[in-house]
Structures are given as C-alpha cells and as structure tokens.
Amino acid sequence: MTARLSLHQARRMALNSQGLAKVRPTEPVTARAVGRTFAQLQLVQIDSVNIISRSHFLPFFSRLGSYDRNVLATMAGTAPRKMMEYWAHEASFIQPRHFHDLRVWQSRSWVKSDRLEPALRDRLEVQILDLLANSKPMTAREVKAHIGHEEDKNTDQWGWNWSAVKRTLEGLFENGAVAAASRNEQFERKYSVLEKVLPRGLAADVDENPDKGEAMERLIEAAALAHGIGTVRCLADYFRLPLRESAVAIQALVRRGVLQPVTVTGWTEEAFAHVKARSPRQAQTRALLSPFDSLVFERQRLEKLFDFHYRLEIYTPAQKRKYGYYVLPFLLGENIVARVDLKADRRAGKLMVFGAFAEAGAPSHTAVELAGELATMALWLGLGDVVVHPHGDLAPALAAALG
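Residues numbered from 1 in each chain as written. Predicted model: local features only at pLDDT ≥ 70, side-chain atom pairs only at ≥ 80, totals over all residues. Heavy atoms only, no water.

Chemist: What is the right way to read the pattern of salt bridges from this model?
Modeler: If the charged atoms of two oppositely charged side chains come close together, the side chains can form a pair. Throughout the structure, instances matching the rule amount to 19 salt bridges. A salt bridge links R12 to E334; its shortest N-O distance comes to 3.1 Å. A residue pair is termed long-range when its members are at least 10 positions apart, and R12 in helix 1 (residues 7-17) and E334 in the loop between strand 11 (327-332) and strand 12 (335-345) qualify at 322 residues. Exposure class is identical for R12 and E334. Each is buried. Among the salt bridges present, the one from E359 reaches R339, with a minimum N-O distance of 3.0 Å. Pair noted here: E359 is in the loop between strand 13 (350-358) and helix 15 (366-380) and R339 is in strand 12, with a separation of 20 residues, a long-range link. Both residues of the pair, E359 and R339, count as buried. Bridged by salt links that share partners, the residues E85, K166, E170, R183 and R189 form one connected network. (Salt bridge = Lys/Arg side-chain N within 4 Å of Asp/Glu carboxyl O. Helix = DSSP H or I, 4+ residues; strand = E, 2+ residues; numbered from the N terminus. Buried < 20%, exposed > 50% of the residue type's maximum accessible area, 1.4 Å probe, protein only.)

Below, the structure written as structure tokens:
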C-alpha cells in the first residue's frame, strides 16, 4: 500500500534520518557519538576547500556542536577503521562495509590512467603495489621519490600537473587495489594496499564474481536509511548510482518490505520511505549546513522539501555571485530560514560574515538564533570574534544580535 505524507511530515522524516531533528547534546561530545552520527549518515563528502574548515568536519559540527576533530583522523587512520575514503557521492568517507559494493559500481576514470602508455602503466603498477605492500603508507610524492621515475611534466587535465606515478596511483585507487590509509597535514592522501586499510574480516571477504544487483540493493537501502524518504533520483544520488539500476533495486526492496511507496503532498514523483524512518512531531535543531552536507546533496530534493533554491557559487565570477563564495544554509527547526557567506580568518582570529540573507517567511528571532550559532562555530574553530559585513538584508539585525 502507498502511504500518504504531508510535506511537513516528509521534511521532518528527512531531518530525523539525517540526525537533524533534535536539540544537540549539551554534554561533551564523545568519540562514540561521532561514530554514531557517521553510521547514521552512511557517508560524508570530502572536499579540499578550507574556507571555514575542511568540509568533512562540518556535518558533525552541524549535528553535534563543538567536538574534537581529531576523532575523525582516528576513525579514518587507525585500525580497525570505522571510516575510509572511496568514491561514493564524490570523494567521500564511507563505512568500510560498503567498500566492496561501491567498487562493483565504481565507474569513474577521470584521472585517465588508462591513457598512459600500457607498458609504462603496467610497470608502475607492479612497482607501486610492491612498494606499498612492504612499506608504511606514503603520499604520491614519496612513492615517486622511492620509485625514482622521472618524466617530462605536462599541464593538461585543467592544469593538474600530475605525474605518471600520481595518475597510476589514482587509477589503482579508483579500481580499489590501493586505498587511502590517512591524510597528512597538507591534505595529501597517504596510500597503502587495500589489505592494510580494510578491517581484516572485510579484506578477506572478496567475492571474485559479486552479484551487482545485491550490491545495488544494499547501497540503496543504506541511502534510504540516511535519507528517510526520497524519489528514485534522491536515493540513487546519495552514492551516485545509475538511475535505471537504482529503480530496479528500489522495487526489489519494496517487494521485500524494506521500502514503502509514499506520496507526498505537492510532489509529482512517487517517493519511497524506509520502513524504519520516523517523522517526529517537531524538529528542534539549529544548524549551519556545509555546502557539501548530505542534507543538501540533491538540489531538486532540497527545493521540493524546503522550498529552498541553493547554488554553490565558488566557480561563479565574483561580480555575478548573488550570495557569495562559500554560503551555508541556516536550518532552524524544520525550515531553512537564512544563508550566510562565511570565511575563517585564522590569522586575525575572526569568523567573517561577508553576507547574511533571510529567506521569505523567516521568523523574527532568526538573527538572534543565527548569532548564537555563529558564536558557537567561532568558539569551535578557535576564533575569538565574529565580524559581520553590511551585506544582505539580515546583516544589520545579525550585527546587532552579536552586539
């Protein structure tokens, strides 16, 4: 049977599944709480942009408040790992149990290691795998130095000046032969062979002839648990899976009673909810959301759920930006009520607000709540002050609230 949900019920179900429906804890955040949050999200996207903090740190702050970022380094860089890197939505931290299923559906080859001269690539692969199997984890620069491979540099691939060693390493990463054991302070991957990164039981559990349909069903179920509710496009997008095969897996999960078809008021497309998903009577969170937060991954879904049009303007010329370079939506209760363009000025010790904009229908206390959240973020980042520039309709009230 098809269930019926109001838009508000669907919205609260999505927020609850994403860990964004409850008031954040007031007690110190433990490593276990960080681990539970990651298990709930299933994945966290990685991005090198460090305007406020590395993007993978922000979803945990949004849900937990101030926490020790070193916990993530332990989870991703210490055996047995609770999280590891691989291609999912984009480059992401994933749960190790999803690795084999994601590798089955991995179709990216953007580093184009296959364009290398075959004999060179084959020789480098043998050298790299032998080196990493008998050494500690290494960056691409360290691998290249140990192998001693020299070549003429080129500047193709949008200016990426990657060596043949780096391309080969990334090709091995894409096909799952090597993995990222950790990252260094410069955010460079430290590579190792897969067997040294995956937890022991998973490393041994390699199916030479995996069932792609079963792998797809497991990934779609994980996406449904994290989303709570979504269309075929929403659920496929979470791990960036192909739409047609995702739709087949969704129907299989419906037949098994794992997913339930639902209609949402105002939606033209059929949606599906995980049978464990719940819609609380109210959502009470106050949170700034990273542009790479899993709640805002799929922009069409975001607009349908929250009536919030969002575009990341990093790659838009400055004079054409509507809101700013690195803009975070502000979630209050069950509504996205504002957006702010932020930057951490670490040298000056200030959190800079270059623009603050209220959404239509934002409540009168939006500026006060946003001021409190910015102050909490500044404290977490080790910054001493929040400075508001006079740009945006919410900026004067925000500056006054910060006092």
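Past the structure itself, the notes keep going.
Chemist: Whenever I open this one, the pairing of strand 14 (residues 385-388) confuses me. Can you help?
Modeler: Remember that side chains alternate between the two faces of the sheet whenever the strand is regular. Alternating positions in strand 14 separate cleanly, V386 and V388 being buried on one face and D385 and V387 remaining unburied on the opposite face. Taken together, the four bridges between strand 13 and strand 14 define a ladder with parallel strand orientation. Counterpart to M352 in the pairing with strand 14 is V387. You can see the chain leave strand 13, run along helix 15 and come back into strand 14, and the turn it takes is right-handed. (Pairing = 2+ DSSP bridges. Right-handed = clockwise from strand over helix to strand, strands pointing away.)

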